[in-house]
Amino acid sequence: MAQRDTTPNFSALAIPHDPLADFQAKMNEILSQANAQLQQTEHHPPQSPPLPPPSETEPPPTTCQGRTPVPNTSWYGWPDCCICTPCFTSFAANTPLVPLMPLQNQFEPSPTVCDMYSPRQRERYLAASATGNVDELLAASRERSAVYTETVAVILEREAEREAMVARAEIMRVSAGNNALIDAYSGMESLGDEEREEWRTDAGGVYSSWNGVVAEREGEEADALWVAAVEGGDGGEEVARLEARWAGVE
Ligand SMILES: [Zn+2]
């Protein structure tokens, strides 16, 4: 049998209010929160949230969302030149091109970007309205969409990656905190000297349990994710270049 160390066994003390009970309750609370967060992450990774069925979606936006893709909403116009409902109502509804539009309040589940919020596109639309010919409008919209894919889509993807990294870092921090608590709690329990020495040797540090090792690793991962997210920054010069290119066709 391993020798006992000198760590006091709090549970053996006859005191009216047991501080260890409070500690245990708090730890259980934090643990259940962390588990809920971890489960959420496993089933719903931040970078690809599942789309809810149309019946459960929020009402469509009442203002144009500009260059931000909008899922699960209805569109007017053409597949190559989508017009959101706010832009249709406020700008395109009373024009001669309406009967030529194949999309008439057409529901589209996948994220779609409005092509009719910019002054440049609206000018093209009015020119097409004057002639009744949409060929130039659609050709220009296709070219504009190609540039969007190479610029705005890249910027949005990078932003989503950063957000995912920050979210992951936060979860790792919570988990590291939990494991550090468990490790501290293990330390309060009277571990044998032999067992304690074993953790020290395995981990190369001073821990009461394996949770202490995990806590340190999770803390390091959280720090690394945080640094990566912050150092990636807003993409600096490359994003500025992409924004400038998009501004030239938006
Ligand atoms: Zn719009």
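Small disclaimer: the values here were computed from a predicted structure and weren't measured. (Residues numbered from 1 in each chain as written. Predicted model: local features only at pLDDT ≥ 70, side-chain atom pairs only at ≥ 80, totals over all residues. Heavy atoms only, no water.)

Asker: I'm lost on the coordination of the zinc ion in this one. Help?
Answerer: Octahedral six-donor coordination of a metal ideally yields angles of 90 or 180 degrees, compared with 109.5 degrees for tetrahedral four-donor coordination. Listed as protein donors to the zinc ion are Cys 64 (SG), Cys 84 (SG), Cys 87 (SG) and Cys 114 (SG); their distances from the metal cover 2.3 Å. Around the zinc ion, the four donor atoms are arranged such that angles at the metal cover 104 to 115°; this shape is classified as tetrahedral. Coordination of the zinc ion draws on donor residues from a single chain, spaced C-x19-C-x2-C-x26-C in sequence. Separated by 27 residues along the polypeptide, Cys 87 in helix 2 (residues 85-92) and Cys 114 in the loop between strand 3 (103-108) and helix 3 (119-131) bring together distant segments of the chain. (Donors = N, O, S within 2.8 Å, 3.2 Å for Na, K, Ca; no water. Tetrahedral: all angles 85-135°; square planar, octahedral: opposite > 155°, others 65-115°. Helix = DSSP H or I, 4+ residues; strand = E, 2+ residues; numbered from the N terminus.)

Asker: Honestly, the sheet that holds strand 3 in this entry has me stumped. Any pointers?
Answerer: Paired through backbone hydrogen bonds, the strands of a sheet run either parallel or antiparallel to each other. Spatial strand order, 2-1-3: three strands in an open sheet with antiparallel pairing. Edge positions in the sheet fall to strand 2 (81-84) and strand 3, since each has one partner strand and no second. In this sheet, adjacent strand axes meet at a mean angle of 45° when their direction is disregarded. Here four bridges tie strand 1 (residues 73-78) to strand 3, and the two strands are oriented antiparallel to one another. (Pairing = 2+ DSSP bridges. Axes fitted to C-alpha atoms, helices over the stretch in contact; angles between N-to-C directions.)

Asker: What's the story with the confidence of the model for the protein chain in this structure? I'm lost.
Answerer: Note: predicted coordinates in regions of low pLDDT should not be interpreted at a detailed level. Per-residue pLDDT for the protein chain averages 79, and the proportion of residues at 70 or more is 68%. For the stretch residues 1-17, pLDDT sits under 50, and the model shows 21 contacts to residues farther than four places along the chain or on other chains. (pLDDT = per-residue confidence, 0-100. Contact = heavy atoms within 4.5 Å.)

Asker: What is the right way to read the packing of helix 4 (residues 135-150) against helix 8 (residues 236-247) from this model?
Answerer: Axis angle and axis distance: for two packed helices, these are the angle between their axes and the distance between the axes, and together they describe the pair. Relative orientation of the contacting elements helix 4 and helix 8 amounts to 170°, with a least axis distance of 10 Å. The orientation of helix 4 relative to helix 8 falls into the category roughly antiparallel. Here Arg 144, Val 147, Tyr 148 and Glu 150 of helix 4 come into contact with helix 8, specifically with Leu 242, Arg 245 and Trp 246. A breakdown of the residues in the contact of helix 4 with helix 8 according to their chemical character gives four nonpolar, no polar and three charged. (Parallel < 35°, antiparallel > 145°, perpendicular 65-115°, else oblique. Nonpolar A, V, L, I, M, F, W, Y, C, P; charged D, E, K, R; others polar.)

Asker: Just to check I follow, could you spell out the environment of Glu 238 for this structure?
Answerer: Take Glu 238: it is sitting in helix 8. By relative accessible area, which is 34% here, Glu 238 ends up partly exposed. Remark: the alpha-carbon pair of Glu 238 and Thr 151, spanning 87 residues in sequence, is separated by 9.8 Å. (Buried < 20%, exposed > 50% of the residue type's maximum accessible area, 1.4 Å probe, protein only.)

Asker: Where do I start with the pattern of salt bridges in this structure?
Answerer: Pairing between side chains of opposite charge can happen when the charged atoms of each approach one another. All chains considered together, the criterion is met by seven salt bridges. Asp 80 is the salt-bridge partner of Arg 142, the closest N and O atoms lying 2.6 Å from each other. Here Asp 80 lies in the loop between strand 1 and strand 2 and Arg 142 lies in helix 4, a separation of 62 residues in the sequence. Taking the shortest distance from any N to any O, the salt bridge between Arg 144 and Asp 115 comes out at 3.2 Å. Note that Arg 144 is positioned in helix 4 and Asp 115 in the loop between strand 3 and helix 3, a separation of 29 residues in sequence. The exposure classification of Arg 144 matches that of Asp 115, with both residues buried. (Salt bridge = Lys/Arg side-chain N within 4 Å of Asp/Glu carboxyl O.)

Asker: Help me understand empty space enclosed by the protein, please; the structure alone is not making it clear to me.
Answerer: The final tally for this structure, using the stated rule, is one cavity of 30 Å³ or more. Taken as a whole, the largest cavity encloses approximately 90 Å³ of empty space. Along the walls of the largest cavity sit 15 residues, with Pro 61, Val 70, Trp 75, Cys 84 and Pro 86 positioned nearest its centre. Contributing elements (two or more residues each) for the lining of the largest cavity: strand 1 and helix 2. (1 Å grid on protein atoms, 1.4 Å probe; cavity = no way out; pocket = protein on both sides within 12 Å on 5 of 7 lines; lining within 4 Å. Points joined across faces, edges and corners; volume = space filled by probe spheres on them.)

Asker: Sorry, what's going on with helix 3 here?
Answerer: Helical periodicity: at 3.6 residues per turn, an α-helix aligns residues three or four positions apart in one direction. For helix 3, with 13 residues, the first-to-last C-alpha span of 19 Å sits near the 18 Å given by 1.5 Å per residue. Here helix 3 has its buried residues at Gln 121, Tyr 125, Ala 128 and Ser 129. Along the axis of helix 3, the buried residues cluster in a sector spanning 105°; they form a single face. Of the exposed residues in helix 3, the ones pointing more than 90 degrees away from its buried face are Pro 119, Glu 123, Ala 130 and Thr 131. The inward-facing, buried residues of helix 3 abut strand 1, strand 2, helix 2 and helix 4. (Expected span 1.5 Å × (residues − 1). Arc of directions from axis to C-beta.)

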